[in-house]
Structures are given as C-alpha cells and as structure tokens.
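Examination of the molecular architecture
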Amino acid sequence: MDGDIVLASKADFAFDIVRFLYVGFLSSLPAWARYTVLALFGLTVVYGFVSWLRKRSAGEPEAADDVHEDEARVR
C-alpha cells in the first residue's frame with residue numbers, strides 16, 4: 001500500500017468536505033471558530049498540493065546497479 005490512506009468511498013470523502021465547508025461558512029459558530037475551521041481546511045489543501053508537487057517533481061529514483069555483468073555462473 002506504500003503508506004497511503006485508503007478511504008471508505010469517494011462519496012464519504014465528498015460528503016466530509018461539504019460538511020466541513022458548511023461549518024466554515026454557514027454555521028452559527030462564533031467568527032473565530034469559523035475562521036479556524038476555514039484556515040485548517042485551507043492549510044490541508046495547500047499541504048496536499050505541495051506534497052503532490054514534491055512527489056511529482058522528485059521523479060523516479062535512480063536504480064542501483066545490482067546486476068553483475070561478469071560470466072560467473074550462480075546457483
């Protein structure tokens with residue numbers, strides 16, 4: 001799995017995002033709480049984007065030369 005998180009379903013993920021944004025914009029929480037929720041959401045989006053960019057720009061790691069090219073037979 002390479003350490004990635006597997007979500008239960010894409011619909012659950014979409015519902016969670018909509019619910020998070022609802023709390024940030026339309027709930028009756030005090031302003032400081034709504035701004036905190038929106039800031040956390042924004043930081044999560046930025047962190048995900050930066051992680052994606054870093055993984056994309058890293059490319060493939062160089063393969064080690066484990067193959068020996070001599071004529072020796074190995075059992």
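These notes cover the structure that comes with them. (Residues numbered from 1 in each chain as written. Predicted model: local features only at pLDDT ≥ 70, side-chain atom pairs only at ≥ 80, totals over all residues. Heavy atoms only, no water.)

Below, the discussion takes up the pattern of salt bridges. What the rule picks out here adds up to 1 salt bridge. We note a salt bridge from Asp16 to Arg19, for which the minimum N-O separation is 2.8 Å. Of this pair, Asp16 and Arg19 are both found in helix H1 (residues 10–26), 3 residues apart, which corresponds to roughly one turn of the helix. Judged by relative accessible area, which is 36%, Asp16 ranks as partly exposed. Residue Arg19 is classed as partly exposed on the basis of its relative accessible area, which comes to 46%. (Salt bridge = Lys/Arg side-chain N within 4 Å of Asp/Glu carboxyl O. Helix = DSSP H or I, 4+ residues; strand = E, 2+ residues; numbered from the N terminus. Buried < 20%, exposed > 50% of the residue type's maximum accessible area, 1.4 Å probe, protein only.)

Now for the side chain of Ser27. Summarising the element assignment, Ser27 is placed in the loop between H1 and helix H2 (31–58). Contact partners of Ser27, with chain neighbours within four places excluded, come to Tyr22 and Arg34. (Contact = heavy atoms within 4.5 Å.)

The next subject is the packing of aromatic side chains. Counted under the stated rule, the structure contains 2 aromatic pairs. Between Phe20 and Phe41, the ring centres sit 5.7 Å apart and the planes meet at 35°, which makes this aromatic pair tilted. Residue Phe20 is found in helix H1, and its partner Phe41 is found in helix H2; the two are separated by 21 residues along the sequence. A residue is classified by how much of its surface remains accessible, and Phe41, at 23% relative accessible area, is partly exposed. (Phe/Tyr/Trp six-rings, centres within 6.5 Å; stacked < 30°, edge-to-face > 60°.)

This paragraph deals with the packing of H1 against H2. In contact at an axis separation of 7 Å, H1 and H2 are set at 145° when each is read in the N-to-C sense. The handedness of the crossing between H1 and H2 comes out as left-handed. Here H1 contributes Ile17, Phe20, Leu21, Val23, Gly24 and Phe25 to the contact with H2, which in turn contributes Arg34, Val37, Leu38 and Phe41. Among the residues forming the contact of H1 with H2, the class breakdown is 8 nonpolar, 1 polar and 1 charged. (Axes fitted to C-alpha atoms, helices over the stretch in contact; angles between N-to-C directions. Left-handed = near helix turned anticlockwise from the far one by under 90°. Nonpolar A, V, L, I, M, F, W, Y, C, P; charged D, E, K, R; others polar.)

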